[in-house]
Amino acid sequence: MNLPYYKTVRAYGEAEIVIKRSQFIGHAKPVDTEEEAVAFIEEIKSRHKQATHNCSAYMVGERDQHQKASDDGEPSGTAGKPILEVIKHQQLKNVAVVVTRYFGGIMLGAGGLVRAYTDGAVAGLAAAGAVYKVLHTPVTLTFDYSLLGTVEYELRGRGVRFGDIEYTDKVTVRCLPNASESARFIEWITDLTAGQTQIQVDGAEYVEHSQLPSNLL
């Protein structure tokens, strides 16, 4: 994926709701590939072999090119599609959701099933927790101790993420500017230190944020 950012879920989440004595368990998990999504769905089906239904949907890929919904025996369009619509409505990518149903003896009707599976998916996704994955370009800076105070102060002032500072014969700081700003960041740090900083640029990587950075809004 090369998107500047995307929204997904933090980790596996599970939540249960009861509707007219039927137990609905929403399960949600972040996945990076269609194969991971399918494996997760099979895992939940195996865990809940005695369930009446394990309905599911997933959305994977930069352009949402891998998406699928399964009613798993419920009337067509009453389970898998509503789960997929929740994923779309919440604008999530790279996520798989399974809603397990243990039948409680009372028929819900088509409309009731749509609402129940929608609510089950919402509950599972809420338990998993929404996060943003923002593309960053790791930039490692190496400079003399005389520049440490200035560089650290300015990095904090600009809100640039950086890791632990290493102290050897020189100072090394690994920074994580947004990928879209990495070129400007390198120009800025070069000007700030009058060209006295060794700069190493690594491959871009996604970093988790609880909120979308203001410069990407």
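Residues numbered from 1 in each chain as written. Predicted model: local features only at pLDDT ≥ 70, side-chain atom pairs only at ≥ 80, totals over all residues. Heavy atoms only, no water.

Q: Looking at this structure, how should I read the pattern of salt bridges?
A: For side chains bearing opposite charge, pairing can occur when the charged atoms are close. On inspection of all chains with the given rule, the structure shows nine salt bridges. Across the salt bridge formed by glutamate 208 and arginine 10, the nearest N and O atoms sit 3.2 Å from each other. Placement of glutamate 208 in strand β12 (residues 205-209) and of arginine 10 in the loop between β1 (5-9) and β2 (13-19) is noted, with a sequence separation of 198 residues between them. Of the residues examined, glutamate 208 reaches a relative accessible area of 35% and is grouped as partly exposed. Sharing partners across several salt bridges, the network here consists of Glu14, Glu43 and Arg47. (Salt bridge = Lys/Arg side-chain N within 4 Å of Asp/Glu carboxyl O. Helix = DSSP H or I, 4+ residues; strand = E, 2+ residues; numbered from the N terminus. Buried < 20%, exposed > 50% of the residue type's maximum accessible area, 1.4 Å probe, protein only.)

Q: Just checking my understanding: could you explain helix α5 (residues 182-192) for this structure?
A: Residues separated by three or four positions in an α-helix point in the same direction, a consequence of the helix having 3.6 residues per turn. Of the residues making up α5, those classed as buried are Ser182, Phe185, Trp188 and Ile189. Angular distribution of buried residues about the axis of α5 spans 120°; they occupy a single face of the element. Among the exposed residues of α5, those oriented more than 90 degrees off its buried face are Arg184, Glu187 and Asp191. Close packing links the buried residues of α5 with β8 (139-143), α4 (148-158), β10 (171-176) and β11 (198-201). Just beyond α5, the residue with positive phi is alanine 194, at close to 55°. (Arc of directions from axis to C-beta. Contact = heavy atoms within 4.5 Å.)

Q: Would you mind showing me how to read the packing of helix α2 (residues 80-89) against helix α3 (residues 109-128) here?
A: Axis angle and axis distance: for two packed helices, these are the angle between their axes and the distance between the axes, and together they describe the pair. For the pair α2 and α3, interaxial distance at closest approach is 8 Å and the crossing angle is 40°. Classified by the interaxial angle, the pair formed by α2 and α3 is oblique. For the element pair α2 and α3, the recorded crossing hand is right-handed. Contact with α2, carried on its side by Pro82, Ile83 and Val86, involves Val114, Tyr117, Thr118, Ala121, Val122 and Leu125 of α3 and no other residues of that element. (Axes fitted to C-alpha atoms, helices over the stretch in contact; angles between N-to-C directions. Parallel < 35°, antiparallel > 145°, perpendicular 65-115°, else oblique. Left-handed = near helix turned anticlockwise from the far one by under 90°.)

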